[in-house]
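Residue-level structure breakdown
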Amino acid sequence: MKLDLEKAKGEDGHILVKSLEMEDPTFESATPHVATATFQNPKTAPFDFTAELYLGKTLGTKTATSGPKTFTVAAGGTKPVDFSVNMPTLAIPSDAYHVYLEVKQAGVVLITFVATEDVTVIVTPAINVTQITWA
Amino acid sequence: MEFTSGSVHKGTVTFSNPRTAGFDYKASLCMGAAWTEMAIASFHLNAGQLKDVEFSVTMPATPGAYPVYFKVTSGGVLIGTFAATEDITVTPLYKVSVSFVRVWECEEGRMVGGVWLCTKYFHDSREATVTITNKGYPGSFTTTLEGWFYLSGEPGSLFANLSWTSTFEEGQSQIYTFKYMVPITGMPLDSRFFIKVKDPDGKIIAEVDYILPL
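Residues numbered from 1 in each chain as written. Chains lettered and ligands numbered in written order. Predicted model: local features only at pLDDT ≥ 70, side-chain atom pairs only at ≥ 80, totals over all residues.

With that out of the way, let us pick up the overall build of chain B. Along its length, chain B carries zero helices and 18 strands. Within the span of chain B, comprising 214 residues, buried residues form 22% of the whole. In chain B, the proportion of contacts linking residues at least 24 apart, taken out of those at least 6 apart, comes to 65%. (Helix = DSSP H or I, 4+ residues; strand = E, 2+ residues; numbered from the N terminus. Buried ≥ 20, exposed ≤ 12 C-beta atoms within 10 Å, placed from the backbone. Contact = placed C-beta atoms within 7 Å.)

Spelled out as structure tokens, the structure:
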């Protein structure tokens, strides 16, 4: 599915995110998943960027993160970048998290986007059983 | 595992939650190829918790071999089915009543050291009847009647291993009449009669021990 993004913090105009795609927004706890963001460089010169996709309750609170991914986008070009995130390990049956995409250049945060739709992390119930004893 | 039909038994199962979150569960114990639900238990397991859950099961009325299954749901969703490695064999339940009536009594006597001392009684044979009634399952019973006299601690057989095989329909009774002799006059004797009722497999389903004065 495709997630729409909006600016959470920072300055527009340095880099655009054309799309952010991921699987179904409901994920099993502690499982790895990949989201793909397609960046666009609106400038007339190529630039190196570092981006990090993370899940959290608030801006800057990184409950689960892809870690920084560094890439170069050519002038006026686009670049798809994969972000692999291990879903949080929940101690409750389900929880919801905002999706943040933070983009840095030369170590400085340019902009942080937030998806307009949250992801839901769930724990699917399971049970094990031993042999029955009778009395 | 073998249980009689209609008997109530407790099955204990250890369930464990392998997940990182706690859940409410509902487990059904089922028996037979049709997965007939016999007992239900609702319980909660925290993350990683093990818990012994008890199921009180009234065994089916029909004898036979019954596989045992479990169905477990959480939030109304079936999350697991399990089969026990051992079937339950339900055996017929035979309910019998046994009565013993001695026809002849001592005319006079007294208790001596917990043993009836007959001081005046008939020298001819005594007569008794045993009535056995099938109050449960139809079938063939083997009725074994054994009588023993005890004299100064030494058992002497008056008669033993008298046996009748009869088919008792439910509610039907069989009456056996027999005679027995008093071997020694005027001695303190303890008369004991053992009545056993066996099912077609030879398993004792009723056993009565009568201690009677002579």
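Now that the structure has been shown, the text picks up again.
Let's shift gears to the overall build of chain A. Scanning chain A for helices and strands turns up zero helices and 14 strands. Across chain A, helices and strands are ordered from the amino to the carboxyl terminus as β-β-β-β-β-β-β-β-β-β-β-β-β-β. A separation threshold of at least 6 residues defines the contact pool for chain A, and within that pool the share at least 24 residues apart is 64%.

Between chain B and chain A, the residue contacts involve 27 residues of the former and 18 residues of the latter. For the side of chain B that touches chain A, the leading source of residues is strand β2 (residues 8-16) of chain B, giving eight residues. Its residues assigned to classes, the side of chain B that touches chain A comprises 14 nonpolar, 11 polar and two charged. By the bridge criterion, two bridges tie strand β13 (residues 128-129) of chain A to β2(B) in an arrangement that is antiparallel. If you follow Asn128(A) over to β2(B), its bridge partner there is Ser16(B). (Nonpolar A, V, L, I, M, F, W, Y, C, P; charged D, E, K, R; others polar. Pairing = 2+ DSSP bridges.)

Another aspect to go through is the sheet that holds strand β8 (residues 77-83) of chain B. Residue and element names in this part refer to chain B. As summarised here, the arrangement of the four strands in space is β4-β3-β7-β8, forming an open sheet in which the pairing is antiparallel. The open sheet has two edge strands, β4 (36-45) and β8, and neither has a second partner. With strand direction ignored, the average angle separating the axes of adjacent strands in the sheet is 20°. Inspection of the sheet shows strand β3 (residues 23-31) paired to β4 by nine bridges, in the antiparallel sense. The partner of Leu29 across the bridge, within β4, is Ala39. (Axes fitted to C-alpha atoms, helices over the stretch in contact; angles between N-to-C directions.)

Of note, Gln131(A) is situated in the loop between β13 and β14 (133-134). Given 12 C-beta atoms within a 10 Å radius, Gln131(A) is considered exposed. Not counting the four nearest positions on each side in its chain, Gln131(A) is found in contact with Ala84(B) and Thr85(B).

Within the largest apolar cluster, 30 residues are counted, with the highest numbers of intra-cluster contacts made by Leu20(A), Ala37(A), Leu53(A), Val99(A) and Leu101(A). Of all the secondary-structure elements, those providing two or more residues to this core are β3 (16-21), β5 (32-40), β6 (47-56), β9 (78-86), β10 (94-105), β11 (108-115) and β12 (119-122) of chain A. When residues no more than four places from it in sequence are discounted, the contact partners of Leu101(A) are Leu5(A), Val17(A), Leu20(A), Ala37(A), Ala51(A), Leu53(A), Thr112(A) and Phe113(A). Ile132(A), Leu29(B), Cys30(B) and Met59(B) belong to the second largest nonpolar core, which has 26 residues in total. (Core = buried A, V, L, I, M, F, W, Y, C linked by C-beta atoms within 7 Å.)

Turning to the sheet that holds strand β9 (residues 88-91) of chain B, a few remarks are in order. Residue and element names in this part refer to chain B. If you trace the three strands from one edge of the open sheet to the other, you get β1-β9-β6, paired in mixed fashion. Either end of the sheet is taken by a strand with one partner, and the two such strands are β1 (2-4) and β6 (64-66). Each strand of the sheet is rotated relative to its neighbour by a mean of 30°, with strand direction disregarded.

Looking at chain A, the pLDDT average stands at 93 and 100% of residues meet or exceed 70. Element-level mean pLDDT values for chain A span from 81 in strand β1 (residues 2-3) of chain A up to 97 in strand β7 (residues 64-65) of chain A. (pLDDT = per-residue confidence, 0-100.)

Looking now at unusual backbone geometry. Even without a glycine there, the phi angle at Ala106(A) is positive, about 55°. Looking at the element boundaries, Ala106(A) is found in the loop between β10 and β11. The exposure class of Ala106(A) is exposed, given the 9 C-beta atoms found within 10 Å. Even without glycine at this site, Trp35(B) takes up a positive phi of about 55°. Within the secondary structure layout, Trp35(B) lies in the loop between β3 and β4.

A few words now on the pairing of β9(B). Residues and elements named next belong to chain B. What you see with β9 is a clean split: Ile88 and Val90 sit on the buried side and Thr89 and Thr91 on the side with no burial. Pairing of β1 with β9 involves three bridges; the strand directions are parallel. Across the sheet, Thr4 pairs through a bridge with Thr91, a residue of β9. The sheet contact formed by β6 and β9 spans three bridges and is antiparallel. Paired with Tyr66 across the two strands is Ile88, which belongs to β9.

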